[in-house]
Amino acid sequence: MIGLWLLVLTFFISGPAWATPEIHSWQSEHGVPVYFSNLPEIEMIDIEVTFDAGSARDGSSKGISNLVNQMLLEGTEDLDVEAFNRTLGLTGAYISVGSSKDTASISMRSLVDVDKLQPAFNLLRDVISRPRFDSKSIERTKARVAVELQYRAQSPGSRASDRFASLLYDGHPYSSRPLGDEATIRNITRDDAVSYYETYYVRRNMVIVIVGNVSREKAAELANGLGNIIPLGAKAKKLPLVKKQNKAVLERVQFSSIQSHVRMGGLGVERAHPDYFPLVVGNHALGGNGLVSLLFRRVREERGLAYSAYSYLAPMAISGAFVAGMQTDRSQEEQALQVMRDTLESVAKNGLSEEDITAAKLNLINGFPLKLDTNAEIVNYISMIAFYGLPTDYLETFQKSIAAVTSEEVGAALRQYLKKDSLLTVIVGPDTPVAD
């Protein structure tokens with residue numbers, strides 16, 4: 001069976017190539033990196049502007065990056081939030097924002113017809129360059145964030161993830177959650193928000209991605225129209241290195257629930273790291289491939305110890321995270337934990353089976369086109385390529401990069417990043433089993 005799969009894998013890679021979106025890149029006339037892909041299938045255009053303005057830049061004002069990012073949709077200098085939403089509605093376009101630990105972004109989707117595109121583009125320009133920062137809107141946004149924080153506080157899974165990050169990145173800018181904390185959010189003023197915006201929403205922190213049914217010349221015109229409205233500013237400082245965990249840590253957080261939510265793992269890698277693709281394959285076989293992954297088989301299928309068992313790789317600008325997780329009844333928690341530890345220790349010591357690695361590679365290769373079947377997904381990938389400075393042929397070579405990964409490389413990566421004497425474990429749940 002392994003030989004047959006290897007034959008299929010070889011045929012797939014050497015056979016007719018799947019047509020990936022062609023990515024062009026250049027510098028705008030104002031020095032902003034621009035990434036463009038012409039997709040003529042539908043009369044739409046997506047524009048995403050990304051800034052190095054994620055929560056890693058929050059400093060002592062935890063949550064300010066997310067707050068500022070959300071405030072961009074609360075009106076412009078000329079339009080309050082109600083007028084802004086009415087005007088945007090008339091264009092038929094959609095403008096949204098998003099933020100993470102590394103980035104803050106503003107996205108627009110519009111029809112390419114000039115009567116629709118130009119009014120929407122003008123609004124996008126104002127959103128980026130002339131946000132209103134109305135005091136009442138700031139307070140309303142802070143209240144909305146407070147509700148989100150309360151919701152996360154009531155979710156044991158969210159509590160586990162937040163605490164895991166806090167311990168893994170102890171003392172590093174990645175340690176705090178993007179939403180911040182109620183106390184720090186409450187103390188953020190309008191002047192704080194404006195200062196953060198003026199510091200980080202600048203050309204030296206900016207990349208532009210344009211995808212859709214427009215020519216390269218039109219894309220250049222649009223990019224120039226965005227670059228010329230933003231001040232040059234100063235490039236955000238490089239983030240500090242993450243201090244590596246040198247001992248195993250287990251922390252329990254009391255939570256009134258039937259199930260225990262577990263996170264176990266350690267530091268991972270950035271996307272451009274040589275170990276990235278071996279870890280992608282290793283993670284997929286270990287717990288990233290749902291019901292057929294090794295963790296699910298060992299913990300759930302063979303022993304019925306958990307409702308779910310999985311792993312994920314979260315690469316970022318500096319060291320990302322490599323995490324295994326599960327959700328288990330408190331009465332079975334100790335046994336489930338032991339099985340998870342034994343599984344991680346086994347793959348770190350002995351690697352994964354050739355069968356599991358080959359199946360993971362086939363699944364990743366065959367499933368990759370499905371991750372690029374909408375403009376929105378393509379924009380997300382190209383924005384990732386642009387922000388992290390990956391090669392423009394990343395999408396084209398992804399499948400070959402996966403196919404080229406060897407079992408030895410997977411084994412070496414798992415040994416490096418799943419060392420049992422440095423694993424961090426967080427459990428959020430009841431101290432004692434809950435009676436029926």
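Everything discussed here concerns the structure shown above.
Per chain, residue numbering runs from 1 following the sequence as it is written. Given that this is a predicted model, residues contribute local features only at a pLDDT of at least 70 and side-chain atom pairs are listed and counted only at 80 or more, while totals for whole chains, interfaces and linings are drawn from all residues. Side-chain numbers come from the whole structure's heavy atoms, not from hydrogens or water.

A. View of the sheet that holds strand E4 (residues 94-99). Note on pairing: two strands pair once DSSP finds at least 2 bridges between them. Counting from the N terminus, the helices are DSSP H or I runs at least four residues long and the strands are E runs at least two residues long. With mixed pairing, the six strands of this open sheet are ordered in space as E1-E2-E6-E3-E5-E4. Two strands bound the open sheet, and with one partner strand each, they are strand E1 (24-27) and E4. In this sheet, adjacent strand axes meet at a mean angle of 15° when their direction is disregarded. Summarising the sheet, E1 and strand E2 (residues 33-38) pair through four bridges and their orientation is antiparallel. Looking across to E2, one finds that Trp26 is bridged to Val34. It only takes one pair of heavy atoms within 4.5 Å for two residues to be counted as in contact. Angles shown run from 0 to 180 degrees and are taken between the N-to-C directions of axes, each axis being a line fitted to C-alpha atoms and, for helices, limited to the stretch in contact. Along the sheet, helix H9 (residues 216-227) contacts E1, E2, strand E3 (44-51) and strand E6 (206-212); its crossing angle with E6, the most-contacted strand, is approximately 145°. Strand contacts of helix H14 (residues 375-388): E2, E3, strand E5 (104-111) and E6, with the helix running at about 150° to E6, the strand carrying the most contacts.

B. Expanded view of the nonpolar core. We call a set of buried Ala, Val, Leu, Ile, Met, Phe, Trp, Tyr and Cys residues a nonpolar core when their side-chain atoms join them within 4.5 Å. To sort residues, take the accessible area from a 1.4 Å probe on protein chains only and compare it with the maximum for the residue type: under 20% means buried, over 50% means exposed, and anything in between is partly exposed. Counting 59 residues, the largest nonpolar core has Met326, Tyr394 and Leu418 as the members making the most contacts within it. Sequence-distant contacts of Leu418, defined by excluding residues within four places in its chain, comprise Leu286, Phe322, Leu344, Val347, Ala348 and Leu423. Of all hydrophobic cores here, the second largest spans 54 residues; its members include Val34, Leu67, Ala83 and Tyr200.

C. View of the packing of helix H13 (residues 354-367) against helix H15 (residues 394-404). It is the contact of H13 with H15, at a shortest axis distance of 9 Å, that shows an interaxial angle of 175°. As the angle between them shows, H13 and H15 are arranged roughly antiparallel. Residues Lys361, Leu364 and Ile365 of H13 form the contact with H15, whose own contacting residues are Phe398, Gln399, Ile402 and Ala403. Three classes are used, and their members are as follows: Ala, Val, Leu, Ile, Met, Phe, Trp, Tyr, Cys and Pro are nonpolar, Asp, Glu, Lys and Arg are charged, and the others, Gly among them, are polar. Split into classes, the residues belonging to the contact of H13 with H15 amount to five nonpolar, one polar and one charged. An angle below 35 degrees is treated as roughly parallel, one above 145 as roughly antiparallel, one from 65 to 115 as roughly perpendicular, and anything else as oblique.

D. Spotlight on unusual backbone geometry. Positive phi, normally seen in glycine, also occurs at Phe133, with a value near 50°. Position of Phe133 among the secondary structure elements: in the loop between helix H4 (114-129) and helix H5 (135-153). Relative accessible area serves as the criterion here: at 3%, Phe133 is assigned to the buried category.

E. Focus on the pattern of salt bridges. The working definition used for a salt bridge is a side-chain nitrogen of Lys or Arg within 4 Å of a carboxyl oxygen of Asp or Glu. All told, the structure shown has 18 salt bridges when counted by the stated rule. A salt bridge links Asp46 to Arg109; the shortest N-O distance between them is 2.9 Å. Here Asp46 is found in strand E3, whereas its partner Arg109 is found in strand E5, with 63 residues between them in sequence. The exposure class assigned to Asp46 is buried, which follows from its relative accessible area of 7%. Between Asp162 and Arg177 there is a salt bridge, and its shortest N-O distance comes to 3.2 Å. Remark: Arg177 occurs in the loop between helix H6 (156-168) and helix H7 (182-187) and Asp162 occurs in helix H6; sequence separation between them is 15 residues. Given a relative accessible area of 25%, Arg177 falls into the partly exposed group.

F. Up close: the layout of surface pockets. Only protein atoms enter the calculation, which uses a 1 Å grid: trapped sets of points that fit a 1.4 Å probe without letting it out are cavities, open sets showing protein on both sides within 12 Å along at least five of seven lines are pockets, and any residue with an atom within 4 Å of a point is a lining residue. Grid points are joined across faces, edges and corners, and a volume is the space filled by probe spheres set on the points. The space that makes up the largest pocket amounts to roughly 510 Å³. Looking at the largest pocket, it is lined by 28 residues, and the ones nearest its centre are Asp52, Lys235, Ala317, Phe387 and Tyr388. Of all elements in the fold, only E6 and H14 reach the threshold of two or more residues within the lining of the largest pocket. The biggest single contributor to the lining of the largest pocket is H14, with three residues. Taken together, the residues of the lining of the largest pocket sort by class into 14 nonpolar, three polar and 11 charged.

G. Focus on the sheet that holds strand E10 (residues 321-329). Spatially, E7-E11-E8-E10-E9 is the arrangement adopted by the five strands of the open sheet, whose pairing is mixed. Each edge of the open sheet is held by one strand with a lone partner, namely strand E7 (249-254) and strand E9 (308-314). Within the sheet, the average angular offset between the axes of one strand and its neighbour, ignoring direction, is 15°. Looking at chain direction, strand E8 (residues 259-267) and strand E11 (residues 424-429) are connected through five bridges and run antiparallel. Across the sheet, the residue bridging to Arg263 is Val426, located in E11. Across the sheet, H6 lies against E7, E8, E10 and E11, angled at about 25° from E8, the strand it touches most. Where helix H11 (residues 294-301) meets the sheet, its contacts fall on E9 and E10, and the angle it forms with E9 comes to roughly 155°.

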